[in-house]
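The primary structure of each chain is shown beneath.
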Amino acid sequence: MKSQIQCQQVRTVWWEEDEQGVAVCLVDQSRLPLQVNVLRLRHEHEVAEAIVSLKVRGAPAIGVTAALGMALAAQRLWREQGERMLLHEAYAALGEAKRLLGTTRPTAVNLFWALERMQDCARRASDELQVKTLRQLAQLLQLEALQIAAEDAASCKRMGELGAQFIQDGDTLLTHCNAGALATSGMGSGLAPIYIAQQQGKHVHVFVDETRPVLQGARLTAWELQQAGVPLTLITDNMAGHFMRHGGIKAVFVGADRIAANGDVANKIGTYSVAVLAHAHHIPFYVVAPFSTVDLTLASGELIPIEQRNAEEVTSIRGERVAPWDVTVANPAFDVTPHEYITALITDCGVARAPFTTSLGEMMSSKSE
Ligand SMILES: CSC[C@H]1O[C@H](OP(=O)(O)O)[C@H](O)[C@@H]1O
């Protein structure tokens with residue numbers, strides 16, 4: 001049975017308390033758009049598995065989910081152990097939850113930033129004697145995780161407002177993968193300028209790359225834009241060049257999973273190809289990502305770890321094998337787009353342009369003031 005529901009009704013990941021206790025809830029994105037299954041996860045191991053299996057995905061959403069997973073671990077410890085568990089034992093157990101969640105996916109830096117922030121919150125509570133019981137620690141971590149989610153939603157809106165200035169009424173645009181509401185706690189990153197432009201009364205048409213192998217474009221972006229009433233044309237990835245040449249595309253908007261200090265961008269596999277094609281056609285290429293995606297510890301994109309995923313994502317579609325048995329398969333989940341191909345980095349702290357080492361450094365400095 002086809003199940004088309006309003007995307008605005010579908011939240012990506014959230015916290016719930018019910019008669020069984022507390023749960024990290026999320027829409028299983030691996031089943032979208034034809035099935036809307038809400039999962040209620042009650043153990044950090046389940047949260048980790050949901051991230052690994054792309055039930056929840058997208059750099060900001062991964063960070064928020066991991067933070068909620070840490071909060072869930074603390075709540076679980078309290079509900080299981082009560083105050084029998086000493087706080088130092090709880091900190092050790094939370095360290096194990098952080099390690100587990102940190103092994104899920106290597107590329108999106110938001111995951112690691114969010115886990116560090118949760119651990120810092122617990123450590124600060126301990127150092128400053130803010131909490132005296134496990135219950136207080138669990139409540140503190142729950143609030144911190146929800147704060148991370150709220151900050152992400154606000155940054156989505158800010159990025160949308162900044163990015164919409166690069167969209168004119170009547171523009172035709174192109175996207176790759178899904179950097180929309182389903183990848184964040186808010187309206188999205190790469191799609192946020194499109195949503196804000198729509199709110200401003202600008203009429204746009206979006207060419208949506210299907211984004212093999214996991215089809216985040218066909219399954220998630222096409223669904224999001226359809227629900228939002230944004231006109232779209234779904235294309236296969238190998239059509240992007242043709243429509244840049246013949247389709248009147250005025251700009252490309254994508255998200256990011258990690259941005260190096262020089263502006264090199266790791267994003268869904270295929271982004272590099274789209275960027276080179278856009279450059280060849282003199283089409284602006286915009287990357288939209290919260291500043292928490294920038295990793296200034298990495299001088300360039302060559303240092304960004306690229307996740308290698310299993311062969312079945314390439315050899316099968318929805319469990320239907322399409323490739324010969326025993327074939328050698330490569331399945332890097334991301335690639336790196338050199339900064340030379342990027343027109344601007346649209347972040348929640350402003351718009352960075354080349355030279356990115358300078359502009360990102362200045363953005364970091366102004367954040368620290
Ligand atoms: C707003 S970040 C979205 C980002 O995440 C996607 O990867 P995945 O679906 O594997 O998590 C893709 O790189 C998107 O640009």
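The structure displayed is predicted, hence computed values, not measured ones. (Residues numbered from 1 in each chain as written. Predicted model: local features only at pLDDT ≥ 70, side-chain atom pairs only at ≥ 80, totals over all residues. Heavy atoms only, no water.)

## Considering the site of the ligand
Thinking step 1. Around the ligand sit 17 residues, and of these Gly 58, Arg 105, Asp 257, Asn 267 and Lys 268 come closest.
Thinking step 2. Residue Gly 58 places a main-chain N or O atom 2.9 Å away from an oxygen atom belonging to the ligand.
Thinking step 3. A distance of 2.5 Å is found between an oxygen atom of the ligand and a side-chain nitrogen or oxygen belonging to Asn 267.
Thinking step 4. Of all the elements in the fold, those that place two or more residues in the shell around the ligand are α2 (59-81) and β9 (265-268).
Thinking step 5. Within the shell around the ligand, the residues separate by chemical class into seven nonpolar, six polar and four charged.
Thinking step 6. Mapping the shell around the ligand onto the domain boundaries places at least three of its residues in each of domain 1 (13-155) and domain 2 (166-368). (Near = heavy atom within 4 Å. Polar contact = N/O pair within 3.5 Å; in protein donor to acceptor, adjacent residues only side chain to side chain. Helix = DSSP H or I, 4+ residues; strand = E, 2+ residues; numbered from the N terminus. Nonpolar A, V, L, I, M, F, W, Y, C, P; charged D, E, K, R; others polar. Domains from an automatic or database assignment.)

## Regarding the UniProt feature "binding site: substrate" (unreviewed entry) in the protein
Thinking step 1. Feature annotation in UniProt assigns "binding site: substrate" (unreviewed entry) to the following positions: Arg 57, Gly 58, Ala 59, Arg 105, Gln 216, Asn 267 and Lys 268.
Thinking step 2. With respect to the element layout, Gly 58 can be found in the loop between α1 (44-52) and α2.
Thinking step 3. Filtering out sequence-adjacent residues up to four positions away, Lys 268 remains in contact with Arg 105, His 176, Cys 177, Thr 211, Gln 216, Asp 257, Ala 333, Phe 334 and Asp 335. (UniProt positions renumbered as here; feature names shortened; annotations may be inferred. Contact = heavy atoms within 4.5 Å.)

## Let's talk about the packing of aromatic side chains
Thinking step 1. Enumeration according to the criterion identifies four aromatic pairs in this entry.
Thinking step 2. Between the aromatic rings of Tyr 272 and Tyr 341, the centroid separation amounts to 6.1 Å while the plane-to-plane angle is 75°, which identifies the pairing as edge-to-face. Residue Tyr 272 is found in helix α9 (residues 271-280), and its partner Tyr 341 is found in the loop between β14 (334-337) and β15 (344-347); the two are separated by 69 residues along the sequence.
Thinking step 3. On the basis of relative accessibility, which here comes to 24%, the residue Tyr 341 falls in the partly exposed class.
Thinking step 4. Cluster of aromatic residues (ring-pair linked, three or more members): Phe 166, Phe 253 and Tyr 286.
Thinking step 5. Across from the ring centre of Phe 334, 4.1 Å away, lies the NZ or CZ of Lys 268, which sits over that ring. (Phe/Tyr/Trp six-rings, centres within 6.5 Å; stacked < 30°, edge-to-face > 60°. Buried < 20%, exposed > 50% of the residue type's maximum accessible area, 1.4 Å probe, protein only. Lys NZ or Arg CZ within 6 Å of the ring centre and 35° of its normal.)

## Quick word on the UniProt feature "site: Transition state stabilizer" (unreviewed entry) in the protein
Thinking step 1. The sites that carry the UniProt feature "site: Transition state stabilizer" (unreviewed entry) are, in the present numbering, Cys 177.
Thinking step 2. Take Cys 177: it is sitting in the loop between β4 (172-175) and α6 (192-199).
Thinking step 3. Look past the residues within four positions of Cys 177 in its chain and what remains in contact with it is Arg 57, Asp 209, Thr 211, Gln 216, Gly 217, Thr 221 and Lys 268.

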